[in-house]
Amino acid sequence: AQKVTQAQTEISVVEKEDVTLDCVYETRDTTYYLFWYKQPPSGELVFLIRRNSFDEQNEISGRYSWNFQKSTSSFNCTITASQVVDSAVYFCALSEVGGTASKLTFGTGTRLQVTL
Amino acid sequence: DTAVSQTPKYLVTQMGNDKSIKCEQNLGHDTMYWYKQDSKKFLKIMFSYNNKELIINETVPNRFSPKSPDKAHLNLHINSLELGDSAVYFCASSQENQGSGGYTFGSGTRLTVV
């Protein structure tokens, strides 16, 4: 069975600090997809990134960067120079491919609070 | 244009009532989902439909009955509502049931049972 662990329940940082959100996953499949979603206080789920299991290249998008390491089954997200607008709950998720259906398995989320 | 739209956005109802939440996607996706987010923010899949066919039912009580009249719509009907059903319900869609194309979520329906 697939599982996603986000050990950090809540993180508080001061604006302009860098912050890393940890994500560790478990799966028996060799082909899978990893995702990050952001849920701001308004409640919607905002897609941040999708990564397939064969692509371990790190990715940067604006102030976000992602580090995917299959050796440690981790897919961490770093926010550089954090801003108050980054305050949200961040979810890491895993989708296995194969069989009759796929589904997203979410971690429990990390609440990020950025203050001035 | 909203890709995945859910109605209503908020729903407050009394215990024992029956209610429905509607979901429509205009992305041409084949697969649609219902996810439930509880008060602790935990997100868990409830159902998945592929081309109107139920393919995932994650041990959800029988009081919850999804219906997909066509592949662009997936509605959720809940009978005999209980306090524990209070949650945010998210509809989502993906291009195929493998999920490799990613998932698009609706904005959620906050259900409060009083």
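Bear in mind that the values here come from a model prediction, so they are computed numbers and not experimental data.

Focus: the overall build of chain A
Within chain A one finds zero helices and 12 strands. When the helices and strands of chain A are read in sequence order from the N terminus, they spell out β-β-β-β-β-β-β-β-β-β-β-β. Relative to its length of 116 residues, chain A is compact, with a C-alpha radius of gyration of 14 Å against a globular reference of 13 Å. With respect to the three principal axes, the spread of C-alpha positions in chain A is 45 × 30 × 20 Å. Within chain A, the fraction of its 116 residues that count as buried is 46%. Put simply, 56% of the contacts in chain A that link residues at least 6 apart link residues at least 24 apart. Carbon and sulfur atoms provide 49% of the accessible area of chain A, an area that totals close to 5500 Å².

Examining the pattern of salt bridges
Residues and elements named next belong to chain A. Tallied over the full model, the rule gives eight salt bridges over all chains. Put simply, Arg51 and Glu59 hold a salt bridge, and the shortest N to O gap is 2.3 Å. On the basis of relative accessibility, which here comes to 3%, the residue Arg51 falls in the buried class. Arg63 is the partner of Asp86 in a salt bridge, and the nearest nitrogen-oxygen pair spans 2.8 Å.

Observations concerning the environment of B:Lys44
Position of B:Lys44 relative to the elements: it lies in strand S5 (residues 43–50). Put simply, B:Lys44 and B:Lys22 are 22 residues apart on the chain and 18 Å apart in space, counted from C-alpha to C-alpha.

What to know about the packing of aromatic side chains
Residue and element names in this part refer to chain A. Evaluation of the coordinates by the stated rule reveals 18 aromatic pairs over all chains. Residues Phe91 and Phe106 carry aromatic rings whose centres are separated by 6.0 Å and whose planes lie at 85 degrees to one another, so their mutual orientation is edge-to-face. Taken together, the positions of Phe91 in strand S10 (residues 88–96) and Phe106 in strand S11 (residues 104–106) put the pair 15 residues apart, joining distant regions of the chain. Residue Phe91 is classed as buried on the basis of its relative accessible area, which comes to 0%.

A closer look at the sheet that holds strand S1 (residues 4–7) of chain B
Backbone hydrogen bonds hold the strands of a sheet together, and the pairing may be parallel or antiparallel. Residues and elements named next belong to chain B. Strand order in the open sheet formed by four strands is S1-S3-S8-S7, with antiparallel pairing between adjacent strands. Each having just a single partner strand, S1 and strand S7 (64–70) make up the two edges of the open sheet. Put simply, the sheet's adjacent strands are angled 20 degrees from each other on average, direction ignored. For S7 and strand S8 (residues 73–78), the ladder comprises five bridges, and the chain directions are antiparallel. Bridge assignment links Pro66 to a residue of S8, and that residue is Leu76.

Focus on the state of the cysteines
Residue and element names in this part refer to chain A. As enumerated under the stated definition, the model contains two disulfides over all chains in all. Here Cys23 pairs with Cys92 through a disulfide, and the sulfurs are 2.0 Å apart. The S-S bond linking Cys23 to Cys92 shows a torsion near -65 degrees; that makes this disulfide left-handed. Highlighted residues: Cys23 in the loop between strand S3 (19–21) and strand S4 (24–26) and Cys92 in strand S10, separated in sequence by 69 residues. Grouping residues by exposure puts Cys23 and Cys92 together as buried. Free cysteine Cys77: the closest other cysteine sulfur is in Cys92, separated by 9.1 Å.

Some remarks on the layout of surface pockets
Considering only enclosed or pocket space, the largest pocket measures out at about 410 Å³ in volume. Looking at the largest pocket, it is lined by 27 residues, and the ones nearest its centre are A:Pro41, A:Gly43, B:Lys41, B:Val88 and B:Arg110. Elements represented by at least two residues in the lining of the largest pocket include exactly S10 and strand S12 (110–115) of chain A together with strand S9 (87–94) and strand S11 (109–113) of chain B. Here the lining of the largest pocket takes four residues from S11(B), the largest share from any one element.

About the criteria used
- Residues numbered from 1 in each chain as written.
- Chains lettered and ligands numbered in written order.
- Predicted model: local features only at pLDDT ≥ 70, side-chain atom pairs only at ≥ 80, totals over all residues.
- Heavy atoms only, no water.
- Helix = DSSP H or I, 4+ residues; strand = E, 2+ residues; numbered from the N terminus.
- Rg over C-alpha atoms; globule rule 2.2 N^0.38 Å.
- Buried < 20%, exposed > 50% of the residue type's maximum accessible area, 1.4 Å probe, protein only.
- Contact = heavy atoms within 4.5 Å.
- Areas by Shrake-Rupley, 256 points an atom, 1.4 Å probe, with all protein chains shown as cover.
- Salt bridge = Lys/Arg side-chain N within 4 Å of Asp/Glu carboxyl O.
- Phe/Tyr/Trp six-rings, centres within 6.5 Å; stacked < 30°, edge-to-face > 60°.
- Pairing = 2+ DSSP bridges.
- Axes fitted to C-alpha atoms, helices over the stretch in contact; angles between N-to-C directions.
- Disulfide = S-S within 2.5 Å.
- 1 Å grid on protein atoms, 1.4 Å probe; cavity = no way out; pocket = protein on both sides within 12 Å on 5 of 7 lines; lining within 4 Å.
- Points joined across faces, edges and corners; volume = space filled by probe spheres on them.

Purely geometric stuff here, so don't read any function into it on its own.
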